[in-house]
Amino acid sequence: MLDNLLNSVRRGAGRVQRRGEEVAQVARLRLEVFQLTRELDLLYARLGRSYHAGADVGILQGIRDDIRRVDDEIGARERLMRELGGDHPESGEAAPEHPTDLLPAARQPDPELGPRVVVVTTTPGTEPTIPDAMPRPHEKE
């Protein structure tokens, strides 16, 4: 009887240790996603400044490639967080159903506005047909 009790305590301690490691890993991944999201915001700002400054299409495409790379890194970390923090009966926590569920409330997309990320493809030598948020400097209002 004492052996059974000791074995069940060992199994319980092992489960607690594994869950603690998973929680720590998820916390590290959340920090990385936060940092990558800040980097993504900076890249979008750089893209906007470059576009409005009339930068060459090659420069704009380089920034778009960086945005795509960072976005892919965020997606990979969010998938790993879902795998690590998946359904655990002992925690009562369910994995988020959509990657944006992991974002802070301020970063949640507005369902009325549609998806947050827009992929723009252009042919070489053309400008994307995205309406400007502000008039361009050379246009009169």
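Conventions and cut-offs
- Residues numbered from 1 in each chain as written.
- Predicted model: local features only at pLDDT ≥ 70, side-chain atom pairs only at ≥ 80, totals over all residues.
- Heavy atoms only, no water.
- Helix = DSSP H or I, 4+ residues; strand = E, 2+ residues; numbered from the N terminus.
- Buried < 20%, exposed > 50% of the residue type's maximum accessible area, 1.4 Å probe, protein only.
- Contact = heavy atoms within 4.5 Å.
- Areas by Shrake-Rupley, 256 points an atom, 1.4 Å probe, with all protein chains shown as cover.
- Expected span 1.5 Å × (residues − 1).
- Salt bridge = Lys/Arg side-chain N within 4 Å of Asp/Glu carboxyl O.
- Patch = residues over 30% accessible without salt bridge, like charges linked within 9 Å, V, L, I, M, F, W, Y side chains within 5 Å.
- Core = buried A, V, L, I, M, F, W, Y, C linked by side-chain atoms within 4.5 Å.
- Polar contact = N/O pair within 3.5 Å; in protein donor to acceptor, adjacent residues only side chain to side chain.
- Axes fitted to C-alpha atoms, helices over the stretch in contact; angles between N-to-C directions.
- Parallel < 35°, antiparallel > 145°, perpendicular 65-115°, else oblique.
- Left-handed = near helix turned anticlockwise from the far one by under 90°.
- pLDDT = per-residue confidence, 0-100.

A. Quick look at the overall build of the protein chain. Looking only at helices and strands, one finds two helices and zero strands in the protein chain. Evaluated residue by residue, the protein chain yields a buried proportion of 21% over its 141 residues. Across the protein chain, contacts joining residues at least 24 apart in sequence account for 61% of those joining residues at least 6 apart. Total accessible area computed for the protein chain in this model is approximately 10700 Å², and 57% of it derives from carbon and sulfur atoms.

B. Summary view of helix α1 (residues 2-52). For α1, which comprises 51 residues, the first-to-last C-alpha distance of 75 Å matches the rise-based estimate of 75 Å (1.5 Å per residue) to within 8%. Immediately beyond the C-terminal end of α1, within one or two residues, lies Gly 54, with a positive phi of roughly 80°.

C. How the structure looks around the pattern of salt bridges. Under the defined criterion, the tally for this structure stands at five salt bridges. Glu 22 is the salt-bridge partner of Arg 19, the closest N and O atoms lying 3.4 Å from each other. Of this pair, Arg 19 and Glu 22 both sit in helix α1, three residues apart, which is roughly one turn of that helix. By relative accessible area, Arg 19 is classed as buried at 14%.

D. Examining the environment of Leu 47 more closely. Within the fold, Leu 47 resides in helix α1. With relative accessibility at 17%, the residue Leu 47 sits in the buried group. Each C-alpha atom of the pair Leu 47 and Ile 63 lies 6.2 Å from the other, and the pair is 16 residues apart in sequence. Sequence-distant contacts of Leu 47, that is, excluding residues within four places in its chain, are made with Leu 60, Ile 63, Arg 64 and Ile 67.

E. Looking closely at a nonpolar patch on the surface. Residues Leu 2, Leu 5 and Val 9 make up a contiguous nonpolar surface patch of roughly 320 Å² in combined accessible area. Tracing the chain through its elements places Leu 5 in helix α1.

F. Representation of the nonpolar core. Counting residues in each nonpolar core, the largest one holds 14 residues, and the members touching the most others are Leu 40, Leu 47, Ile 67, Val 70, Ile 74 and Met 81. Ranked by residue count, the leading element in this core is α1, at eight residues.

G. Fine view of helix α2 (residues 57-84). For α2, which comprises 28 residues, the first-to-last C-alpha distance of 40 Å matches the rise-based estimate of 40 Å (1.5 Å per residue) to within 8%. When we look at burial in α2, the residues that qualify are Leu 60, Ile 63, Arg 64, Ile 67, Val 70, Ile 74, Gly 75, Glu 78 and Met 81. Contact partners of the buried residues in α2: α1.

H. Quick peek at the side chain of Ser 50. In this fold, Ser 50 is placed in helix α1. Of the polar contacts made by the side chain of Ser 50, one reaches the backbone oxygen of Arg 46; its length is 2.9 Å. In this view, Ser 50 contacts Ala 55, Leu 60 and Ile 63; residues no more than four positions away in its chain are not counted.

I. Spatial organisation of the packing of α1 against α2. The N-to-C vectors of α1 and α2 enclose an angle of 165°; their axes lie 9 Å apart at closest approach. The angle between the axes of α1 and α2 places the two elements in the roughly antiparallel class. Read as a crossing pair, α1 and α2 show a hand that is left-handed.

J. Fine view of the environment of Gly 75. By secondary structure assignment, the location of Gly 75 is in helix α2. Expressed as a C-alpha distance, the spacing of Gly 75 and Val 33, which sit 42 residues apart in the sequence, is 8.7 Å.

K. Representation of the confidence of the model for the protein chain within the structure. Across the protein chain, pLDDT averages 76, with 60% of residues at or above 70. Every residue in residues 87-92 is under pLDDT 50, and counting partners more than four places away or in other chains gives eight contacts.

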